[in-house]
Amino acid sequence: MKYNILLIEDEDQFREVLYDSLLALDTNVWSYSSWEMAEEEMRVNKPDLAILDINLPGKNGLMIFEELKNRFSEIEGIIITGQANLENSIHSIKVGVSDFLTKPFRLKELKNAIESLESYKQFQLRVKLSGKQLLNSAKAFEEDWGIEFIGISPYIKKVNMLMKKVAQSSDTTVLITGESGTGKELVAKGIHSLSGRNKAPFYPVNCTAIPDTLFESEFFGYQKGAFTGALTSHAGWFEKADSGTLFLDEIGDLNLALQAKLLRVLDEKRICRIGSHDTLEVNTRVVTATNKNLKELSETGLFRLDLYHRLNTFNIHLAPLRERTEDIPPLVHHFIKEYSEKQRKSVKSIHSRALNLLSGYHFPGNIRELKNIIERAVLLCDSSYISTKHIQLPEEGFVSVVDDQSFKLDEIEKNTIIKAIQSCKNNKTKAAHKLNITRQSLNRKLKKYSLE
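Computed from a predicted structure; not experimentally measured. Every chain's residues receive numbers from 1 upward, in the order its sequence appears when written. Whole-chain, interface and lining totals are the exception, using all residues; otherwise, since this is a predicted model, local features are given only for residues with pLDDT of at least 70 and side-chain atom pairs are given and counted only at 80 or more. Each side-chain value is derived from all of the structure's non-hydrogen atoms; neither hydrogens nor water enter the calculation.

> Which residues make up empty space enclosed by the protein, and what values do they have?
Both site types are read off a 1 Å grid over the protein atoms alone. A 1.4 Å probe that fits but cannot get out defines a cavity, while an open set with protein on both sides within 12 Å along at least five of seven lines defines a pocket; lining residues have an atom within 4 Å of a point. Grid points are joined across faces, edges and corners, and a volume is the space filled by probe spheres set on the points. On inspection of all chains with the given rule, the structure shows two cavities of 30 Å³ or more. Taken as a whole, the second largest cavity holds about 30 Å³ of empty space. As for the second largest cavity, its lining consists of Phe238, Val265, Leu266, Lys269, Val282, Thr284 and Val286. Lys, Arg, Asp and Glu make up the charged group, whereas Ala, Val, Leu, Ile, Met, Phe, Trp, Tyr, Cys and Pro make up the nonpolar group; the residues left over, Gly among them, are polar. Classifying every residue of the lining of the second largest cavity gives five nonpolar, one polar and one charged.

> I'd like a rundown of the packing of helix H13 (residues 328-342) against helix H14 (residues 352-359), residues and numbers included.
To get an axis, a line is fitted to the C-alpha atoms, and for a helix only the part in contact is used. The angle between two axes follows their N-to-C directions and goes from 0 to 180 degrees. In this description a helix means any DSSP run of H or I spanning at least four residues, a strand means any run of E spanning at least two, and both kinds are numbered starting from the N terminus. As a packed pair, H13 and H14 sit with axes 10 Å apart at the nearest point and diverge in direction by 120 degrees. Taken together, the axis directions place H13 and H14 in an arrangement best described as oblique. The interaxial crossing formed by H13 with H14 has right-handed handedness. For the pair H13 and H14, the contacting residues are Ile328, Pro329 and Val332 in the first and Leu355, Leu358 and Ser359 in the second. Split into classes, the residues belonging to the contact of H13 with H14 amount to five nonpolar, one polar and no charged. Roughly parallel refers to an angle under 35 degrees, roughly antiparallel to one over 145, roughly perpendicular to one between 65 and 115, and oblique to any angle outside these ranges. Two helices crossing with the near one rotated counterclockwise from the far one by less than a right angle form a left-handed crossing, whereas a clockwise rotation gives a right-handed crossing. Throughout, a residue-residue contact means that at least one pair of heavy atoms, one from each residue, lies within 4.5 Å.

> Got a sec to walk through the sheet that holds strand E5 (residues 99-102)? Specific residues and values, please.
Spatially, the five strands line up as an open sheet ordered E2-E1-E3-E4-E5, and their pairing is parallel. Among the strands making up the open sheet, the edge pair consists of strand E2 (27-32) and E5. Across this sheet, the average inter-strand angle for adjacent strands is 15 degrees, counted without regard to direction. A pair of strands is considered paired only if DSSP assigns at least 2 bridges between the two. Where strand E4 (residues 76-81) lies against E5, four bridges are found, and the strand directions are parallel. Paired with isoleucine 78 across the bridge in E5 is aspartate 99. With respect to the sheet, helix H1 (residues 12-23) is in contact with strand E1 (3-8), E2, strand E3 (49-53) and E4, its orientation differing from that of E2 by roughly 170 degrees.

> Help me get a handle on the packing of aromatic side chains, residues and values and all.
Stacked, tilted and edge-to-face pairs are distinguished by plane angle, under 30 degrees for stacked and over 60 for edge-to-face with tilted covering the rest, among Phe, Tyr and Trp rings (Trp via its six-membered ring) whose centres lie within 6.5 Å. One pass over the full model with this rule turns up seven aromatic pairs. Here phenylalanine 219 and tryptophan 237 contribute two aromatic rings whose centre-to-centre distance is 5.3 Å and whose plane-to-plane angle is 40 degrees, an arrangement assigned as tilted. Here phenylalanine 219, found in helix H8 (residues 212-220), pairs with tryptophan 237, found in helix H9 (residues 237-240); they are 18 residues apart in sequence, far enough to count as distant. One exposure class covers both phenylalanine 219 and tryptophan 237, and it is buried. Pairing tyrosine 361 with phenylalanine 363 gives two aromatic rings, centres 4.7 Å apart and planes at 80 degrees, and the pair type is edge-to-face. The residues tyrosine 361 and phenylalanine 363 share a single accessibility class, namely buried. Among the aromatic residues, ring-to-ring pairing joins Phe219, Phe220, Trp237 and Phe238 into one connected group. For every residue, the accessible area obtained with a 1.4 Å probe (protein chains only) is divided by the maximum for its type, and the residue is called buried under 20%, exposed over 50%, and partly exposed between those limits.

> Report on unusual backbone geometry, specifying residues and quantitative values.
Positive phi outside glycine occurs at serine 243, with the angle close to 75 degrees. When you line up the elements, serine 243 lands in the loop between H9 and strand E10 (245-249). The exposure class assigned to serine 243 is partly exposed, which follows from its relative accessible area of 35%. With phi around 65 degrees, asparagine 426 is a residue other than glycine that occupies positive phi space.

This is how it looks when you write it as structure tokens:
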């Protein structure tokens, strides 16, 4: 199919030149001098790209593009103007315009801008394909294994395979390693769901949330009257998870005395409540998780080496999200669907530039951080798709992939400053006044762009 372009330019001669040039690119072009003339046509036709002058009779180009974007979420935009200023440049970026050309420009610049959009179209296609892969893989996983697990990367496929294998052995202890927020508890739940223990309880415990003084009584339980305040008997974690799975998260924070007692229970499969002389046999599978290096801790004496080997009978490592960026699109689409339903919003998708922005982020908080970012984005979103303005990321979290929107904004700002200084014959005070910023702010920007 041909590329459909809407061109609105009120200078007749210039519009005709652009029209002829666009036709030469083998495209369909609808050419008008105002939005009033184009609006009726746009009710029945869908443009892929809008090329709009800013200064138009009636609605200006930016207002027109915002209206088009609300109708056609995947439309791209190129703004052209004879009077560039920083405010319009920034506004163009915020509404999702792809490029900003200042008159006079060479037709080759327009051609290059259009051709560059093809890469975004290809990116959007990959996003759609990954979304389909997500639906298929998540559905199959949920039907076969009992839980929903999101991801299409080789890392996730390997994790799925390891979960399935270790679940076949109902007694093997499992150590799940990985940074915070990578989904260690979800893997533990997956192992439980896949195993023959799935009819019994899955009991999760965060070892850092329990004070050392209470840990032993919670771990093993206690008899009535065992200590002041023990008004009734209380079952410990091993009893509560009997025949099921006990998940001990952040096991690396367990103190040495409790480590010895845990090792004994794992070996003997028996516990003794505090205040009792009777031992109870327990049939509990133990799955542990940590974001620390237990082997290194054992070498420094902070973790028992024998316990480390006992827990590490079977290891599953979860890679951080920055090392499996192909999982970001399906995760994003999953969270959009989840929070759109929870918040009763009509958000259906995400713009390719917003997704590109997320793909270039380091995610120190991993999946948990991504989930929080999408929750906020859905809350802020007032249309059917999430754009870059809804994504809020700390600057220090970016890796080598540079956000094209931020880069473009810097380039526009830099060029606007250069033109302002040139038009003011290098008078920085006048240039600052023309840009509507302070002289001090101009000096900082000159330093930022190495223009001094």
